[in-house]
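So the chains spell out like this:
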Amino acid sequence: MSDAQTQITLQAAAQVQKSFGARQAGGPGTLYLVATPIGNLEDMTFRAIRTLKEADMIAAEDTRQTRKLLTHFDISTRLVSYHEHNKRASGPELVRLLSEGTTIALVSDAGMPAISDPGADLAAAAAEQGIPVVPIPGANAALSALVVSGLPTDRFLFAGFPPRDRKGMESFLARLDREEATLLLYESPHRLKKTVEAVAERWSGRRIAVVRELTKKHEEIVRGTAEACLQYIEANPPLGECCLVIEGADPSAASTAEPGDAWWSGMTTAQHVSRYETQNGENRKEAMRLAARDLGVSRREVYQMLLEEEKDPSTD
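Residues numbered from 1 in each chain as written. Predicted model: local features only at pLDDT ≥ 70, side-chain atom pairs only at ≥ 80, totals over all residues. Heavy atoms only, no water.

**So, the sheet that holds strand 8 (residues 207–212)**
Move 1: Overall, mixed pairing links the five strands, which are arranged 6-7-10-8-9 in an open sheet. Of all the strands in the sheet, the pair left with one neighbour each is strand 6 (156–160) and strand 9 (220–225). Within the sheet, the average angular offset between the axes of one strand and its neighbour, ignoring direction, is 20°.
Move 2: By the bridge criterion, five bridges tie strand 8 to strand 10 (residues 242–246) in an arrangement that is antiparallel. By the bridge assignment, arginine 212 is partnered in strand 10 with cysteine 242. (Pairing = 2+ DSSP bridges. Helix = DSSP H or I, 4+ residues; strand = E, 2+ residues; numbered from the N terminus. Axes fitted to C-alpha atoms, helices over the stretch in contact; angles between N-to-C directions.)

Dropping the structure here:
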């Protein structure tokens with residue numbers, strides 16, 4: 001096959017969507033991803049209201065919550081349920097209706113659908129079938145938190161909800177150790193303290209912002225180091241859904257050396273920690289944190305490594 005033929009084949013394989021093009025009679029309907037307010041009803045856009053009124057059907061994560069919104073804006077469009085627990089049954093049926101020409105507006109409980117919710121699966125399935133998927137933008141908690149955080153906005157990474165268990169959290173943070181982009185996380189109020197504790201332990205001194213109750217009466221933004229914000233959270237237990245914005249890794253502090261070239265290469269963990277204690281004058285806890293940073297593990301893991309070396313005389 002010639003280069004020209006290869007190029008034509010690759011171009012033919014691309015799927016092109018013209019969102020505002022004329023719809024062919026008998027063709028598929030459109031899946032609209034409609035952003036809804038994250039707390040303040042005045043954040044609903046004119047376009048979102050019109051789209052919800054004109055759609056043949058609205059698929060909602062929580063029909064009870066969405067019905068309140070529809071009632072407020074006098075929208076009487078048929079409402080159906082689509083959420084994490086019924087998506088395997090409802091998803092294919094919604095795709096079938098779309099392929100037959102039905103226009104569906106998808107909404108989540110709040111904010112932009114398909115961000116950390118099952119709407120992403122429906123959007124992907126529709127796109128795969130050549131069904132137009134059109135965004136109706138609006139409120140978004142993660143981006144709203146980012147722009148008020150006081151942290152860099154030129155590069156950011158949305159990492160969703162962190163794991164609930166300790167081991168999963170340590171692994172989650174370890175994978176982000178050298179990430180220089182500002183990090184965006186969602187967290188529930190009862191989990192926030194543990195998450196900030198883990199961040200403070202692993203990334204001591206990093207600046208963060210804890211943003212909660214966005215656009216609501218009790219909107220609150222707490223800015224400072226992870227340790228300072230943790231102290232505030234301990235004294236003022238949070239209520240409402242939270243966004244956590246975390247400063248990225250300092251490029252100058254991230255080691256680019258190969259493991260074998262690092263100054264601690266060949267040292268035992270005890271020697272590594274001791275070097276920080278003796279040369280830098282750090283206390284034991286801080287020395288362990290710095291060694292953990294070098295090795296790309298958690299301080300708890302460094303502690304376990306020290307215990308294992310104490311049991312094994314060959315490491316002396």
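So that's the structure; there's more coming.
**Re the nonpolar core**
Move 1: Residues Ile208, Val210 and Ile246 are the most contacted members of the largest nonpolar core, which totals 22 residues.
Move 2: Sorting the residues of this core by element identifies helix 7 (166–174), strand 7 (182–187), helix 8 (189–202), strand 8, helix 9 (226–235) and strand 10 as the ones contributing at least two each.
Move 3: Here the element with the most residues in this core is helix 8; it accounts for five residues.
Move 4: If you look at the next biggest cluster of nonpolar residues, it comprises 19 residues, including Leu97, Ile104, Leu106 and Val133. (Core = buried A, V, L, I, M, F, W, Y, C linked by side-chain atoms within 4.5 Å. Buried < 20%, exposed > 50% of the residue type's maximum accessible area, 1.4 Å probe, protein only.)

**As for the pattern of salt bridges**
Move 1: Counted under the stated rule, the structure contains 17 salt bridges.
Move 2: Two residues, glutamate 277 and arginine 284, come together in a salt bridge whose shortest N-O distance is 3.1 Å.
Move 3: For arginine 284, a relative accessible area of 38% translates into the label partly exposed.
Move 4: Taking the shortest distance from any N to any O, the salt bridge between arginine 289 and glutamate 286 comes out at 2.8 Å. With arginine 289 and glutamate 286 both in helix 11 (residues 284–295), this residue pair falls three residues apart, about one helical turn.
Move 5: One continuous salt-bridge network, built from bridges that share partners, spans Arg166, Glu170, Glu201, Arg299 and Arg300. (Salt bridge = Lys/Arg side-chain N within 4 Å of Asp/Glu carboxyl O.)

**Some thoughts on the packing of aromatic side chains**
Move 1: In the structure shown here, the tally under the stated rule is two aromatic pairs.
Move 2: Between phenylalanine 158 and tyrosine 186 the ring centres are 5.0 Å apart and the planes differ by 65°, which places this aromatic pair in the edge-to-face class. Taken as a pair, phenylalanine 158 in strand 6 and tyrosine 186 in strand 7 lie far apart in primary sequence, 28 residues in all.
Move 3: By relative accessible area, which is 13% here, tyrosine 186 ends up buried.
Move 4: One aromatic cluster in this structure is built from Phe158, Phe161 and Tyr186. (Phe/Tyr/Trp six-rings, centres within 6.5 Å; stacked < 30°, edge-to-face > 60°.)

**Observations concerning the environment of aspartate 56**
Move 1: On the secondary structure map, aspartate 56 appears in the loop between helix 2 (46–54) and strand 2 (57–60).
Move 2: Accessibility expressed as a relative area gives 44% for aspartate 56, which makes it partly exposed.
Move 3: Once the C-alpha coordinates of aspartate 56 and arginine 78 are considered, the two residues, 22 residues apart in sequence, prove to be 7.0 Å apart.
Move 4: Those residues in contact with aspartate 56 that sit more than four places away from it in its chain are Thr77, Arg78, Gly101, Thr102 and Thr103.
Move 5: Of note is the side chain of aspartate 56, whose polar atom sits 2.8 Å from the backbone nitrogen of threonine 103. (Contact = heavy atoms within 4.5 Å. Polar contact = N/O pair within 3.5 Å; in protein donor to acceptor, adjacent residues only side chain to side chain.)

**Let's talk about unusual backbone geometry**
Move 1: At aspartate 74, a residue that is not glycine, the phi angle is positive and equals roughly 55°.
Move 2: With respect to the helices and strands, the residue aspartate 74 is situated in the loop between helix 3 (63–72) and strand 3 (79–81).
Move 3: Non-glycine residue glutamate 213 carries a positive phi angle of around 55°.
Move 4: Inspection of the secondary structure puts glutamate 213 in the loop between strand 8 and strand 9.
Move 5: The class for glutamate 213 is buried, based on a relative accessible area of 15%.

**Concerning the side chain of arginine 289**
Move 1: Residue arginine 289 is classed as buried on the basis of its relative accessible area, which comes to 10%.
Move 2: Those residues in contact with arginine 289, other than ones at most four positions away along the chain, are Glu201, Arg202, Ser204 and Arg299.

**A closer look at the pairing of strand 6**
Regular strands place their side chains on alternate faces of the sheet.
Move 1: Relative to strand 7, strand 6 runs parallel, the two being bridged by four bridges. Paired with phenylalanine 156 across the two strands is threonine 182, which belongs to strand 7.

**Remarks on the confidence of the model for the protein**
Move 1: Averaged over all residues, the pLDDT of the protein is 88; the fraction at 70 or higher stands at 91%.
Move 2: When the criterion is pLDDT under 50, residues 1–8 qualifies, and its contacts beyond four places in sequence or with other chains add up to two contacts.
Move 3: Segment residues 255–259: pLDDT under 50, and two contacts once partners within four positions in sequence are set aside and those in other chains are kept. (pLDDT = per-residue confidence, 0-100.)

**Topic: the pairing of strand 10**
Move 1: Most of strand 10 is tucked away, with five of its five residues classed as buried.
Move 2: Along strand 10, one buried face is formed by Cys242, Leu244 and Ile246 and the opposite face, lined by Cys243 and Val245, is buried too.
Move 3: Looking at chain direction, strand 7 and strand 10 are connected through five bridges and run antiparallel. Among the inter-strand pairings, leucine 185 is bridged to a residue of strand 10, identified as leucine 244.

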